[in-house]
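Observations on the model geometry
Listed below are the residues making up each chain.
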Amino acid sequence: MSNATLLRIKTIPEGHRLTGLEKPHHPLISVVDVSQFKNHSDIQAVIFDFYVVSLKRGCDNLLYGQQKYDFDEGLMAFMAPGQILRGEENGRPPNLQGWMMFIHPDFLWNTSLAKKIKKYDYFGYATNEALFLSDREETLMNGIIDNIKQEYNAPIDKFSQDVIIAQLELLFTYAERFYERQFITRKMTNSRILTRLEDVLDDYFNQEELLSKGLPTVQYVADSLNISSKYLGSLLKQLTGLTTQQHIHEKLIGKAKEKLSTTELSVGEIAYELGFEHSQSFSKLFKTKTKQSPLEFRASFN
């Protein structure tokens, strides 16, 4: 590991050797104290082959979306297997506190969480799109983690896995609730994202080379906003009731209406200018969204 800049951790015991902590009590699930982590200046990033859930305090100048926050309350992040965790530029913060929980996918095998865990979109959020907890929420999450540790430290019986799975489901459900609360309460940041979303789409649809590029993709929009596509989708769904794709279509229809009502361009020419190779595809989408064909909409202005 001494010469590595990117390290892949395939088992939980390997992860413990990385942190320098004692051998875990369970080979497939473990919770570790982040204040005990050692700095590894030679390792810039780590890929885990398991799910990672963390709750930390003392993360100074955290980047959240487009802003930095001096945040000293509970902060949760969720990673799915195969995602990259990058280290702090200046090493582990001196006041870092909290825990990280590692869950190997094999632990979920043949349980209710095996498929259900994939429905929690926040495992696809970037690590800088973390969950900010109130004191009450942090206490609740810590209580669940204490229950999990108590269970896997006790002698294993036929109920052990079921009890831990039930606790994990509870933790994940609370996380889903708290993320929805966050979308609502962090209005200033979220309103800026909505404003920038409009700007990104306006700029894109005003480009002359729209045909060669085609319609903007969800990934393009998310990348332009510097947030993950899953986080953007969840945020928009909560704030506007629309998906990112629906926002793209709404902007497209708005531009189409503008051209139909203010120019004499044919439907085919308008479709071409909006990035459609075939006017039939444009007409079909327009009618689906407006309940009128492009020509029927234009006629309503005459």
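Below is a summary of the structure that appears in this document. Computed from a predicted model, the values in this text were never measured in an experiment. (Residues numbered from 1 in each chain as written. Predicted model: local features only at pLDDT ≥ 70, side-chain atom pairs only at ≥ 80, totals over all residues. Heavy atoms only, no water.)

**Notes on helix 9 (residues 229-240)**
Taking 1.5 Å per residue, 12 residues should reach 16 Å; helix 9 reaches 16 Å between its end C-alpha atoms and fits that length. Restricting attention to buried positions, one finds in helix 9 the residues Tyr231, Leu232, Ser234, Leu235 and Leu236. Positive backbone phi, at 80°, marks Gly241, one or two positions downstream of helix 9. (Helix = DSSP H or I, 4+ residues; strand = E, 2+ residues; numbered from the N terminus. Expected span 1.5 Å × (residues − 1). Buried < 20%, exposed > 50% of the residue type's maximum accessible area, 1.4 Å probe, protein only.)

**What about the side chain of Thr290?**
Checked against the element boundaries, Thr290 lands in helix 12 (residues 279-290). Using a relative accessible area of 17% as the deciding quantity, one classes Thr290 as buried. Here the side chain of Thr290 touches Gln292 through a polar contact of 3.0 Å, landing on its backbone oxygen. Once residues within four sequence positions are removed from consideration, Thr290 is found in contact with Ile253 and Lys257. (Polar contact = N/O pair within 3.5 Å; in protein donor to acceptor, adjacent residues only side chain to side chain. Contact = heavy atoms within 4.5 Å.)

**Structural notes on the pattern of salt bridges**
In this structure the tally under the stated criterion is 10 salt bridges. With a shortest N-O distance of 3.5 Å, Asp135 and Arg57 are connected by a salt bridge. Remark: Arg57 occurs in strand 4 (residues 51-57) and Asp135 occurs in helix 4 (residues 135-153); sequence separation between them is 78 residues. By sharing partners, the salt bridges in this structure join Arg57, Asp135 and Glu138 into a single network. (Salt bridge = Lys/Arg side-chain N within 4 Å of Asp/Glu carboxyl O.)

**Notes on the environment of Thr262**
Mapped onto the fold, Thr262 is located in helix 10 (residues 244-262). Thr262 sits 39 residues away from Phe301 along the chain, and the two C-alpha atoms are 9.5 Å apart.

**Re unusual backbone geometry**
Of note, the phi angle at Asn226 is positive, near 60°, even though the residue is not glycine. A positive phi angle is found at Lys291, which is not glycine, with a value near 70°. For Lys291, the position within the fold is in the loop between helix 12 and helix 13 (294-299).

**Considerations on helix 4**
Residues spaced three or four apart along an α-helix point in a common direction, a consequence of the helix completing one turn every 3.6 residues. For helix 4, spanning 19 residues, the distance from its first C-alpha to its last is 27 Å, which sits close to the expected 27 Å at 1.5 Å a residue. Along its buried surface, helix 4 packs onto strand 2 (29-33), strand 4, strand 7 (75-79), strand 9 (97-103), strand 10 (131-132) and helix 5 (160-185).

**Section: the pairing of strand 4**
When you tally the buried positions in strand 4, you get five out of seven residues, the bulk of the element. Sheet analysis places strand 4 next to strand 9, joined by seven bridges and oriented antiparallel. Looking at strand 9, one finds that Leu55 is bridged to Trp99. As defined by bridge partners, strand 4 adjoins strand 7 across five bridges and the pair is classed as antiparallel. Note on strand 7: the bridge partner recorded for Leu55 is Met76. (Pairing = 2+ DSSP bridges.)

**Brief notes about the packing of aromatic side chains**
For the structure shown, the criterion picks out 22 aromatic pairs. A centroid spacing of 5.6 Å and a plane angle of 80° characterise the contact between Phe78 and Phe123, whose relative ring orientation is edge-to-face. Residue Phe78 is found in strand 7, and its partner Phe123 is found in the loop between helix 3 (113-116) and strand 10; the two are separated by 45 residues along the sequence. For the residue pair Phe78 and Phe123, the accessibility class agrees, reading buried in each case. Centre to centre, the rings of Tyr179 and Phe183 are 6.2 Å apart; their planes meet at 35°, and the pair counts as tilted. One end of the pair, Tyr179, and the other, Phe183, are both in helix 5, four residues apart, so they sit about a helical turn from each other. Taken as a pair, Tyr179 and Phe183 share a single burial class, namely buried. An aromatic cluster is present here, built from Tyr51, Phe78, Tyr120, Tyr122, Phe123, Tyr125, Phe172, Tyr179, Phe183 and Tyr231 joined pairwise through their rings. (Phe/Tyr/Trp six-rings, centres within 6.5 Å; stacked < 30°, edge-to-face > 60°.)

**Considerations on the nonpolar core**
Of all hydrophobic cores here, the largest spans 48 residues; its most connected members are Met76, Phe78, Met101, Phe123, Leu168 and Phe172. Sort the elements by how many residues they give to this core and helix 5 lands first, with nine residues. When near neighbours in sequence (up to four residues on either side) are disregarded, Leu168 contacts Ile29, Met101, Ile103, Phe107, Leu108, Leu113 and Ile148. Ranked by size, the runner-up nonpolar core spans 16 residues in total, among them Tyr204, Leu260, Ala271 and Leu274. (Core = buried A, V, L, I, M, F, W, Y, C linked by side-chain atoms within 4.5 Å.)

**A look at the pairing of strand 1 (residues 6-9)**
On strand 1, burial follows the alternation: Leu7 and Ile9 on one face are buried, whereas Leu6 and Arg8 on the facing-out side are not. Here strand 1 runs beside strand 3 (residues 45-48); their pairing, made up of four bridges, is parallel. The partner of Ile9 across the bridge, within strand 3, is Phe48.

Without other data, these values stay purely geometric and don't point to any function.
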